[in-house]
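What follows is the residue order along each chain.
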Amino acid sequence: MTPLLYGLGGFCVRRRWIVVGVWVVIVATLAIWARAAGPNTTDNLTLPGSDSQQATDLLTARFPQQANGTNPVVLTAPAGKKVTDDAYQQPIADAVAAFKTDPDVRDATSPLSQAGASLLSQDQRIGVIALNLRAAPSDLTTDDAQRIVDEAGPLTKAGLAVAAGGYVGQKVSKPETHSSEAVGLSMAVLVLLLTFGTVVAMGLPIVTALLGLVSGLSIITLISHVADVPTVAPTLATMIGLGVGIDYALFIVTRHQEQRRSGLATRESIARATATSGGAVVFAGTTVIVALLSLAVVGIPLVTTLGYTAAIVVLVAMAAATTLLPALLAILGDRIDALALPHRRRADATAGAARPHGWERWAEGVARRPAVGTLAALALLITLAIPALTLYLGQQDNGALPTDTQARRAYDGMTAAFGVGSNGPLLVAVDLSAKPATGADDARLAALSKDIGSTKDVASVSPPSVNGDGTAAVLTVTPKTAPSDQATEQLVRRLRETTIPAATKDQQMTADVGGTTAGYVDLADEISGRLVLTIAVVVGLSFLLLVLAFRSLVIPLTAGIMNLISIGAAFGVVTAVFEKGWGVGIVGLDDSVAIVSYVPLMMFAILFGLSMDYEVFLMTHIKEAWERTHDNRQAVIDGVAHTGRVITSAALIMVSVFFAFILNGDPTVKQFGVGMGVAVAVDATVVRCLLVPSVMTLLGKANWWFPSWLDRVVPDFSIEGAEWFRQRDREAAAGAVAETASPVVPVGVAEKSVPKSP
């Protein structure tokens with residue numbers, strides 16, 4: 001890999017303007033294309049083989065007008081007035097008529113009609129226009145949803161407060177991420193300024209990261225038109241893309257600056273930085289991508305899509321760091337030091353002064369008392385992880401969204417009018433194909449409705465609706481509790497395991513519990529059942545990659561264990577903040593919320609991959625020092641001293657980016673921000689700077705144990721190509737000596753080829 005990356009770096013140096021031009025054209029084309037197409041994300045949940053999916057499939061095939069339930073448009077009259085007042089009757093009629101003419105609306109039921117009598121609150125201050133849509137959640141675009149919302153204009157003009165719920169409301173209630181991105185970038189700029197000491201050098205990682213992010217997000221937008229992309233996917237991709245994009249460029253620019261200060265020519269330094277730190281970037285990025293793509297083993301479309309969309313931005317960030325960045329470095333040349341800050345100029349003026357290195361002193365202190373460092377690190381990590389023992393995988397509802405969003409206002413209106421359970425109704429789909437029903441008054445359906453209505457925590461059951469040929473029916477069940485409440489999950493299980501089997505036994509019919517709420521219960525079950533498999537696959541593949549990189553069995557094993565412990569600490573903090581509500585106000589929420597079932601799974605894959613960035617960067621330098629000295633203790637000290645500053649800077653940038661997304665109004669995004677921010681902070685400080693050097697010092701030469709038979713089987717692989725460069729430099733030096741000793745080449749004797757710099 002090293003010769004390939006060295007050649008790539010050299011090509012980007014020589015053809016720098018072409019490389020930059022190609023990047024600009026690609027980024028502009030993707031951005032324009034994506035903007036023209038527009039986003040088309042969806043919260044549609046598909047779970048093949050689950051009870052909720054069977055219910056959806058049955059209704060889609062035989063009762064399509066009931067398959068997606070209804071979307072409420074909640075109308076609230078001013079204090080002291082009623083929706084039924086004469087002043088509102090015509091505006092409501094006009095709005096209902098406008099809804100019915102919309103191409104995506106199959107039917108609209110007015111709260112003032114006989115059929116909509118149940119859509120009025122007891123005091124008649126709140127009413128609901130029930131929209132039955134032709135478009136499924138995966139088919140309704142954001143623009144379509146906004147058009148439907150705008151059709152309620154007459155109601156707003158009449159003085160009614162209007163809010164859309166259901167998947168229409170969710171489509172138009174996506175919190176903006178611009179403030180989070182701005183805060184994250186601002187912190188990254190500050191850290192890079194302090195790290196490089198020049199304005200120009202600081203700008204390089206920002207430019208490459210932003211161009212890579214625009215490309216990655218544009219690709220995800222285009223994919224959303226041919227596949228179901230979850231609403232949270234672009235935000236999650238932004239978090240990861242900004243973090244790794246800046247970090248990858250930081251590693252390469254740092255190596256380039258070090259090499260230039262040691263006297264290496266600028267163009268040669270760019271090519272070498274691309275081959276060395278660029279090699280570490282490619283290896284670490286590949287590990288992240290492998291971890292994300294491994295989520296496919298879960299077999300859940302939503303999780304698989306989140307995985308590969310995040311992997312796309314990592315891949316683009318890798319490409320930008322190893323192609324666009326070298327070209328920009330070549331264009332700048334020595335001007336990379338322009339606009340230096342005062343602290344950088346003072347440092348240059350005193351360069352060469354013999355002063356102890358802070359990170360070296362730290363590493364020496366850890367190496368003197370490795371047992372103390374190990375115990376202290378483990379005590380802290382285990383303490384942080386303890387709350388994760390009570391981690392509950394649940395679901396969130398719109399009640400946790402910002403109060404100014406359509407979905408939240410509709411949620412509050414429905415709660416006030418019909419109870420909190422009305423925000424997450426269950427759809428019981430009944431298969432009557434064995435014996436078609438004669439109508440909604442079929443005795444079997446009446447008995448089923450009665451049994452469900454008498455089940456604990458059921459608030460109400462709608463009269464059964466039967467399709468035209470009597471082969472399918474649906475009952476809408478309203479729980480007493482919120483969609484995110486554990487009692488609602490228990491109700492779903494009770495219906496499936498006890499009530500429905502007893503009511504349908506020997507009745508020549510079957511029934512399944514569906515709807516969004518039941519779907520998320522099934523999602524949590526699916527994830528819980530496959531979590532161990534996912535962890536095993538991710539850890540196993542990462543272990544194999546580290547064995548290949550470091551030719552050791554002990555280092556990959558200890559790295560995997562340490563990563564699991566640090567991720568456990570992140571899970572503990574997320575559980576403490578969101579589930580237990582400890583300090584929940586700090587993250588901008590009023591009360592504790594359920595942890596969305598796929599968040600821990602996604603966090604694990606992302607964090608296990610990201611932690612390998614720092615593991616690879618640190619262990620590469622430790623291994624290089626070990627091969628040079630064969631003194632394990634000194635190799636650990638040298639590795640920590642050499643990488644501590646860079647790892648800390650990179651981690652600070654990533655932590656800033658992740659924590660900035662706590663400002664996002666979506667509680668799910670907040671959970672990702674807190675969890676990943678804490679994990680990176682812990683990994684880069686407690687793990688990389690304390691636990692790893694302590695454990696490696698205790699293990700001594702055992703770190704490098706590698707069975708001879710395995711040594712013969714595993715191919716020789718070097719991440720940064722240190723031996724390749726040493727051999728290359730020896731050949732170049734030998735060629736230079738030979739040329740000096742015998743400058744004239746005899747006729748008929750070919751001149752020896754000497755590797756040349758770019």
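Residues numbered from 1 in each chain as written. Predicted model: local features only at pLDDT ≥ 70, side-chain atom pairs only at ≥ 80, totals over all residues. Heavy atoms only, no water.

Participant: A description of the overall build of the protein should follow, citing residues and the corresponding values.
Facilitator: Scanning the protein from N- to C-terminus turns up 26 helices and eleven strands. Residue burial in the protein is summarised as follows: out of 758 residues, 56% are buried. Restricting to contacts in the protein with at least 6 residues of sequence separation, those with at least 24 account for 81%. Total accessible area computed for the protein in this model is approximately 31000 Å², and 60% of it derives from carbon and sulfur atoms. Taking the average location of the 55 positive side-chain charges in the protein and that of its 62 negative ones, the two points are 8 Å from each other. (Helix = DSSP H or I, 4+ residues; strand = E, 2+ residues; numbered from the N terminus. Buried < 20%, exposed > 50% of the residue type's maximum accessible area, 1.4 Å probe, protein only. Contact = heavy atoms within 4.5 Å. Areas by Shrake-Rupley, 256 points an atom, 1.4 Å probe, with all protein chains shown as cover. Lys, Arg positive; Asp, Glu negative; His and termini not counted. Charge placed at Lys NZ, Arg CZ, Asp CG, Glu CD.)

Participant: I'd love a proper account of the packing of helix α16 (residues 370–385) against helix α24 (residues 667–699), names of residues and values included.
Facilitator: Close contact between α16 and α24 brings their axes to 8 Å; oriented N to C, the two are set at 140 degrees. Overall, the two elements α16 and α24 adopt an arrangement that is oblique. Remark: the crossing between α16 and α24 carries left-handed chirality. Counted together, Pro 370, Ala 371, Gly 373, Thr 374, Ala 377, Leu 378, Leu 380, Leu 381 and Leu 384 of α16 and Val 682, Val 686, Val 687, Leu 690, Leu 691, Ser 694, Val 695, Thr 697 and Leu 698 of α24 form the full contact between these two elements. Looking at the contact of α16 with α24 residue by residue, the classes come out as 14 nonpolar, four polar and no charged. (Axes fitted to C-alpha atoms, helices over the stretch in contact; angles between N-to-C directions. Parallel < 35°, antiparallel > 145°, perpendicular 65-115°, else oblique. Left-handed = near helix turned anticlockwise from the far one by under 90°. Nonpolar A, V, L, I, M, F, W, Y, C, P; charged D, E, K, R; others polar.)

Participant: An account of the pairing of strand β1 (residues 71–76) is needed here, citing residue identities and associated values.
Facilitator: The buried fraction of β1 amounts to six of the six residues, a majority that puts the element mostly inside the structure. As judged from the six bridges shared by β1 and strand β3 (residues 126–133), these two strands associate in the antiparallel manner. In the strand pairing of β3, Pro 72 is matched with Ala 130. Both β1 and strand β4 (residues 161–164) contribute to a ladder of four bridges, which runs antiparallel. Residue pairing for β4: Thr 76 is matched across the bridge by Ala 161. (Pairing = 2+ DSSP bridges.)

Participant: Residue-level account of the packing of helix α15 (residues 358–368) against helix α23 (residues 632–660), with values.
Facilitator: Interaxial distance between α15 and α23 falls to 8 Å at its minimum, and their mutual angle equals 135 degrees. In terms of axis orientation, α15 runs oblique to α23. By crossing handedness, the relation of α15 to α23 is classed as right-handed. Here Trp 359, Glu 360, Trp 362, Ala 363, Glu 364, Ala 367 and Arg 368 of α15 lie close against α23, whose contacting residues are Arg 633, Ile 637, Val 640, Ala 641, Gly 644, Arg 645 and Thr 648.

Participant: Tell me about the sheet that holds β4, and name the residues and values.
Facilitator: If you walk across this open sheet you meet the four strands as β2-β3-β1-β4, and the pairing is antiparallel. At either margin of the open sheet sits one strand with a lone partner, and together these are β2 (105–109) and β4. When the angles between neighbouring strand axes are averaged without regard to direction, this sheet yields 20 degrees. This element, helix α4 (residues 86–101), spans β1, β2 and β3 of the sheet and lies at about 160 degrees to β2.

Participant: Outline the confidence of the model for the protein, listing residues and values.
Facilitator: Of the residues in the protein, 94% reach a pLDDT of 70 or more, and the chain-wide mean stands at 87. Across residues 349–356, confidence stays below pLDDT 50; counting only partners more than four residues off in sequence or on other chains, it has one contact. Confidence over residues 742–757 falls short of pLDDT 50; this stretch has nine contacts with residues more than four positions distant or in other chains. (pLDDT = per-residue confidence, 0-100.)

Participant: Can you explain the environment of Ala 377? Please cite residues and give values.
Facilitator: When you line up the elements, Ala 377 lands in helix α16. For Ala 377 and Arg 530, which are 153 residues apart along the polypeptide, the C-alpha to C-alpha distance reads 30 Å. When residues no more than four places from it in sequence are discounted, the contact partners of Ala 377 are Val 686, Leu 690 and Leu 691.

Participant: Quick rundown of the packing of aromatic side chains? Include the residues and the values.
Facilitator: Counted by the stated rule, this structure contains three aromatic pairs. Taking 4.5 Å as the distance between ring centres and 15 degrees as the angle between the ring planes, the aromatic pair formed by Phe 251 and Phe 617 counts as stacked. Highlighted residues: Phe 251 in helix α10 (residues 233–261) and Phe 617 in helix α22 (residues 598–629), separated in sequence by 366 residues. Each member of the pair, Phe 251 as well as Phe 617, is classed as buried. Seen from their ring centres, Phe 604 and Phe 608 are 5.5 Å apart, and the 40 degrees between their planes marks the pair as tilted. Here Phe 604 and its partner Phe 608 are both found in helix α22, four residues apart, which amounts to about one turn of the helix. Each of the two residues, Phe 604 as well as Phe 608, counts as buried. (Phe/Tyr/Trp six-rings, centres within 6.5 Å; stacked < 30°, edge-to-face > 60°.)

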